[in-house]
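Fold and geometry: a report
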Amino acid sequence: MSGHHSSSYKLLLSVAGALLALTVLTVVVHYMYIPEPYSIIIAVVIAVFKAALVALFFMNLYWDSRFNTMLFITAFVFLTLLVGITLLDVLSRDVPVPSF
Amino acid sequence: MANHSTTTPAHLLHHYVDSDQQFDAAKLGMWIFIVTETLMFGGLFGAYIVYRVLYPELFTLASEELDTIMGSINTVVLIGSSLTVALAIKSAQVNNKRNIIINLAITLALACVFMIIKYFEYTHKFELGIFPGVYYEYGGIDHPQAHIFFSIYYMMTGLHGIHITIGIGLMIWLLVKASKNEFHSGYYTPVEIVGLYWHLVDIIWIFLFPLFYLID
């Protein structure tokens, strides 16, 4: 087990700097008014990248037992199932939910 | 048996072999909790996705009522607080007890700043009559389902705000323990576990920010 990982100050500050830079980037991209499908894709890709930085280097998954990473990924597998099957239902109806 | 107790650290519970096993068990438990948290917020993200697919134009219209500047400031505030939590853990690992307290105190302050900004955002909407669900009475958005956007907005940012508030309580608890010199390089499990919680809350906001504030 490699439970006690100690990151250098340089690494922690670099990760925070990268997160701030990506925040600026996502706001700048927003004000460029890119057309619909692409703007969402870009925003979500940047968010996923930021979340990965936090999970890997602040939550130490990069050095941690792989079992914890597997648990975290499993959550997203089941989340994909939840959203995917829900969308299959909703999108195959003419009137999705009456009065909603 | 008698000489065993002299080598056992005070924090080590009797059913663990050693400190490392206790530490890893605590982290495993926290990661399982994070899975349940991900799925709880996941249900709300599911609601968001379904209604955004059904009414894409509603989300672009209604998002104009959200203040992008305030949302951006709160994103920076939370990233800063994630850094200070990580620095508090680092301080514990190098036995710098003063820096544990300083970094936890900055994290606590940033968490309060986040909630104050959220308070101003919410009260501004309440003044306009933007309430969740059936209490919605704002006429400024030309869409019959405008209340749905704000119901999802209040549920997601509200649940996230509750997590920040719990985090404020946890930071105070850690500060009390740190001021009693309970944390050192051999034992800082509560700081590590609260740190994992705080980073999770940060990750959730990383998704909430572009999905609500950056679509107008």
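Residues numbered from 1 in each chain as written. Chains lettered and ligands numbered in written order. Predicted model: local features only at pLDDT ≥ 70, side-chain atom pairs only at ≥ 80, totals over all residues. Heavy atoms only, no water.

1. Some words on the overall build of chain A
In plain terms, the rule: By the criteria applied, helices consist of DSSP H or I runs no shorter than four residues and strands consist of E runs no shorter than two, each listed in order from the N terminus. Within these notes, the globule rule equals 2.2 Å times the number of residues to the 0.38 power, and the radius of gyration is based on C-alpha atoms. With a 1.4 Å probe rolled over the protein chains alone, any residue whose accessible area is under 20% of its type maximum counts as buried; one over 50% counts as exposed, and the rest are partly exposed. Contact criterion: two residues are considered in contact whenever any of their non-hydrogen atoms come within 4.5 Å of each other. Only the protein chains shown count as cover for residues, and all accessible areas are computed by the Shrake-Rupley method using a 1.4 Å probe. We score Asp and Glu as negative and Lys and Arg as positive, and we do not count His or the chain ends. We put the charge of a Lys on NZ, of an Arg on CZ, of an Asp on CG and of a Glu on CD.
If you tally the helices and strands in chain A, you get three helices and zero strands. Ordering the α and β elements of chain A from the N terminus gives α-α-α. Scaling as 2.2 N^0.38, a compact globule of 100 residues should have a C-alpha radius of gyration of about 13 Å, whereas chain A reaches 19 Å, well beyond that. The burial tally for chain A puts 36% of its 100 residues in the buried class. Across chain A, contacts joining residues at least 24 apart in sequence account for 66% of those joining residues at least 6 apart. If you sum the accessible surface of chain A, you get close to 6,100 Å²; carbon and sulfur atoms cover 77% of it. Side-chain charges in chain A split into 4 positive and 4 negative, and the spacing between the mean points of these groups amounts to 18 Å.

2. As for a nonpolar patch on the surface
To keep it simple, the criterion reads: Patch membership needs two things, relative accessible area over 30% and no salt bridge, and members are linked within 9 Å if like-charged or within 5 Å if nonpolar (Val, Leu, Ile, Met, Phe, Trp, Tyr). We define a salt bridge as a contact between a side-chain nitrogen of Lys or Arg and a carboxyl oxygen of Asp or Glu at a distance within 4 Å.
Side chains of Ile73, Val77, Phe78, Leu81, Ile85 and Leu88 of chain A together with Leu39 of chain B sit close together on the surface and give an oily, nonpolar patch of about 680 Å² of accessible area. A total of six residues in the nonpolar patch trace back to one element, the largest contributor, which is helix H3 (residues 66-91) of chain A. Structurally, Ile85 of chain A is set in helix H3.

3. A short note on the nonpolar core
Using the following cut-off: Nonpolar cores are built from buried Ala, Val, Leu, Ile, Met, Phe, Trp, Tyr and Cys residues. Side-chain atoms within 4.5 Å join them into one set.
Judged by nonpolar contacts, the single largest core of 98 residues is most densely connected at Phe58 and Met59 of chain A together with Phe149, Phe150, Tyr153 and Phe212 of chain B. Here this core gets 18 residues from one element, more than from any other, and that element is helix H7 (residues 189-213) of chain B.

4. Observations concerning unusual backbone geometry
Residue and element names in this part refer to chain B. Its identity is not glycine, yet Asn95 carries a phi of approximately 65°, on the positive side. Residue classification places Asn95 among the partly exposed positions, given a relative accessible area of 41%. Look at Asn181: it is not a glycine, yet its phi comes out positive at around 60°. Among the secondary structure elements, Asn181 is positioned in the loop between helix H6 (146-179) and H7. Relative accessible area serves as the criterion here: at 47%, Asn181 is assigned to the partly exposed category.

5. Side note on the environment of Ile100 of chain B
Residue and element names in this part refer to chain B. Assignment of secondary structure puts Ile100 in helix H5 (residues 97-128). Along the chain, Ile100 and Leu87 lie 13 residues apart, while their C-alpha atoms are 7.7 Å from each other. Ile100 has contacts with Ala88, Ser91, Ala92, Ala178 and Phe183, leaving out every residue within four places of it along the chain.

6. A few points about the packing of helix H1 (residues 9-31) of chain A against helix H4 (residues 68-93) of chain B
Heads up, the condition is: What counts as an axis is a line fitted to C-alpha atoms, over the stretch in contact for a helix, and the angles between N-to-C directions run from 0 to 180 degrees. For classification purposes, an angle smaller than 35 degrees is called roughly parallel, one larger than 145 roughly antiparallel, one from 65 to 115 roughly perpendicular, and anything else oblique. Here the nonpolar group is Ala, Val, Leu, Ile, Met, Phe, Trp, Tyr, Cys and Pro; Asp, Glu, Lys and Arg are the charged ones; every other residue, Gly included, is treated as polar.
Between H1 of chain A and H4 of chain B, the shortest axis-to-axis distance is 10 Å and the interhelical angle comes to 170°. When the axis of H1 of chain A is compared with that of H4 of chain B, the two are roughly antiparallel. Here H1 of chain A contributes Tyr9, Leu12, Leu13, Ala16, Leu19, Leu20, Thr23, Val27 and Tyr31 of chain A to the contact with H4 of chain B, which in turn contributes Thr68, Ser72, Thr75, Val76, Ile79, Leu83, Ala86, Leu87 and Lys90 of chain B. Its residues assigned to classes, the contact of H1 of chain A with H4 of chain B comprises 13 nonpolar, four polar and one charged.

7. Observations regarding the confidence of the model for chain A
The criterion, for reference: Residue-level confidence of the predictor, termed pLDDT, takes values from 0 up to 100.
When pLDDT is averaged across chain A, the result is 91; 92% of the residues are at 70 or more. At the level of individual helices and strands, chain A shows its lowest average pLDDT in helix H2 (residues 36-58) of chain A, which scores 94, and its highest in H1 of chain A, which scores 96.

8. Overview of the interface of chain B and chain A
To keep it simple, the criterion reads: Once two parts are put together, the accessible area they lose, assessed with a 1.4 Å probe and summed over both, is termed the buried area. A 3.5 Å cut-off defines polar contacts: any pair of N or O atoms within that distance qualifies, except that in protein one atom must be a possible hydrogen donor and the other a possible acceptor, and neighbouring residues in sequence count only when both atoms are side-chain atoms.
Tallying the contact residues gives 52 residues for chain B and 50 residues for chain A. Across the chain B to chain A interface the summed buried area is about 4,300 Å²; carbon plus sulfur atoms make up 75%. When residues of chain B are sorted by the area they lose upon contact with chain A, Trp31, Ile79 and Lys90 of chain B head the list and together hold 14% of the total. Linking chain B to chain A there are two salt bridges. Ionic pairing is found between Arg52 of chain B and Glu36 of chain A, a salt bridge with its closest N-O pair at 4.0 Å. Counting the contacts that link chain B with chain A gives eight residue pairs in polar contact (both at pLDDT 80 or more). Elements with a contribution of two residues or more to the side of chain B that touches chain A: helix H2 (19-54), H4 and H7 of chain B.

9. Topic: the pattern of salt bridges
Close approach of charged atoms lets side chains of opposite charge pair. The tally for this structure, following the rule as stated, stands at five salt bridges over all chains. Of the charged contacts, one joins Asp89 of chain A and Arg93 of chain A as a salt bridge, the two residues approaching to 2.5 Å between their closest N and O atoms.

10. Here's the deal with the packing of H5 of chain B against H7 of chain B
All names here are of chain B. Where we set the bar: By the definition used in this description, the sense in which the near helix is turned from the far one sets the handedness, with an anticlockwise turn below a right angle giving left-handed and a clockwise turn giving right-handed.
Running from N to C, H5 and H7 point in directions that differ by 30°, and their axes come no closer than 14 Å. With respect to H7, the axis of H5 lies roughly parallel. By crossing handedness, the relation of H5 to H7 is classed as left-handed. Every residue of H7 that contacts H5 at Thr107, Ala111, Phe114, Lys118 and Glu121 is listed here: Trp198, Trp205 and Tyr213. Looking at the contact of H5 with H7 residue by residue, the classes come out as five nonpolar, one polar and two charged.

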